[in-house]
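# Topology and contacts: notes
Next come the chains, spelled out residue by residue.
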Amino acid sequence: QRLKAAVHYTVGCLCQEVEEDKDAQFTKQSIAAISEITFRQCEIFAKDLEMFARHAKRTTVTTDDVKLLARRSNSLLKYITQKSEELASSNMEQKEKKKKKSSTAKGERTPGEQEAAVTENEDSNM
């Protein structure tokens, strides 16, 4: 019920924006109808995503499943692809930072530091 109310509220806000931009009017009944259609479509999307994951023998929905769902809308697919790439690169950066912090905390050396230490040891042995 709370989710349905949130969808209805969001649809109402979007309709208000359209009213201001396009000088159009929405009745309460039309907003309710749009909200109901939107909610039902989201339920269908959720079931489809679940089926895509299950078909791939997974229990987790991935971005590939979402892209498959959005394949009929080129602009939506492009947007989702762009956002998933941004998230992937952001996650990689965070992993690299964590890796550096953990190796520094453990006293480990990065590959460049290891190479410098080996060279330093070789020089001192001569």
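Everything numeric in this text was worked out from a predicted model, so none of it was measured.

As a further point, take the overall build of the protein chain. Within the protein chain, the secondary structure is distributed over 5 helices and 0 strands. Tracing the protein chain from N to C terminus, the helices and strands come up as α-α-α-α-α. Looking at the protein chain as a whole, 12% of its 126 residues are labelled buried. Once local pairs closer than 6 in sequence are excluded, the contacts in the protein chain between residues at least 24 apart make up 23%. If you sum the accessible surface of the protein chain, you get close to 10,900 Å²; carbon and sulfur atoms cover 55% of it.

Next up on the list: helix α1 (residues 2–22). Under the 1.5 Å per step criterion, the end-to-end length of α1 is 30 Å for 21 residues, consistent within 8% with the ideal 30 Å. Those residues of α1 that sit buried are Val7, Val11, Gly12 and Cys15. Down the axis of α1, the sector holding all buried residues measures 140°, keeping them to one side. The exposed set on the far side of α1, more than 90 degrees from its buried face, consists of Arg2, Leu3, Tyr9, Glu20 and Asp21. On its buried face, α1 is in contact with α2 (28–55).

So, about unusual backbone geometry. Even without being glycine, Asp23 reaches a positive phi, approximately 55°. Within the secondary structure layout, Asp23 lies in the loop between α1 and α2. The backbone phi angle of Lys57 is positive, close to 60°, even though this residue is not glycine. Along the chain, Lys57 falls in the loop between α2 and α3 (63–69). On the accessibility criterion, Lys57 (77% relative accessible area) is exposed.

Once that is clear, we can look at the confidence of the model for the protein chain. Mean pLDDT over the protein chain works out to 86, with 83% of the residues at or above the 70 mark. Here residues 118–126 scores under 50 on pLDDT; set against residues more than four positions off or in separate chains, the count is 0 contacts.

Further remarks concern the nonpolar core. In this structure, Val7, Val11, Cys15, Ile31 and Phe39 together form the largest nonpolar core, which totals 5 residues. Here this core takes 3 residues from α1, the largest share from any one element.

Bringing the packing of α1 against α2 into the picture now. For the pair α1 and α2, the least separation of the axes is 9 Å and the interaxial angle reads 125°. The angle between α1 and α2 falls in the class oblique. In this structure, the crossing between α1 and α2 has a hand that is right-handed. Residues Leu3, Lys4, Val7, His8, Val11, Gly12 and Cys15 of α1 lie in contact with α2, whose contacting residues are Ile31, Ala32, Ile34, Ser35, Glu36, Thr38 and Phe39. Here the contact of α1 with α2 is built from residues that sort into 8 nonpolar, 4 polar and 2 charged.

Calculation notes
Residues numbered from 1 in each chain as written. Predicted model: local features only at pLDDT ≥ 70, side-chain atom pairs only at ≥ 80, totals over all residues. Heavy atoms only, no water. Helix = DSSP H or I, 4+ residues; strand = E, 2+ residues; numbered from the N terminus. Buried < 20%, exposed > 50% of the residue type's maximum accessible area, 1.4 Å probe, protein only. Contact = heavy atoms within 4.5 Å. Areas by Shrake-Rupley, 256 points an atom, 1.4 Å probe, with all protein chains shown as cover. Expected span 1.5 Å × (residues − 1). Arc of directions from axis to C-beta. pLDDT = per-residue confidence, 0-100. Core = buried A, V, L, I, M, F, W, Y, C linked by side-chain atoms within 4.5 Å. Axes fitted to C-alpha atoms, helices over the stretch in contact; angles between N-to-C directions. Parallel < 35°, antiparallel > 145°, perpendicular 65-115°, else oblique. Left-handed = near helix turned anticlockwise from the far one by under 90°. Nonpolar A, V, L, I, M, F, W, Y, C, P; charged D, E, K, R; others polar.

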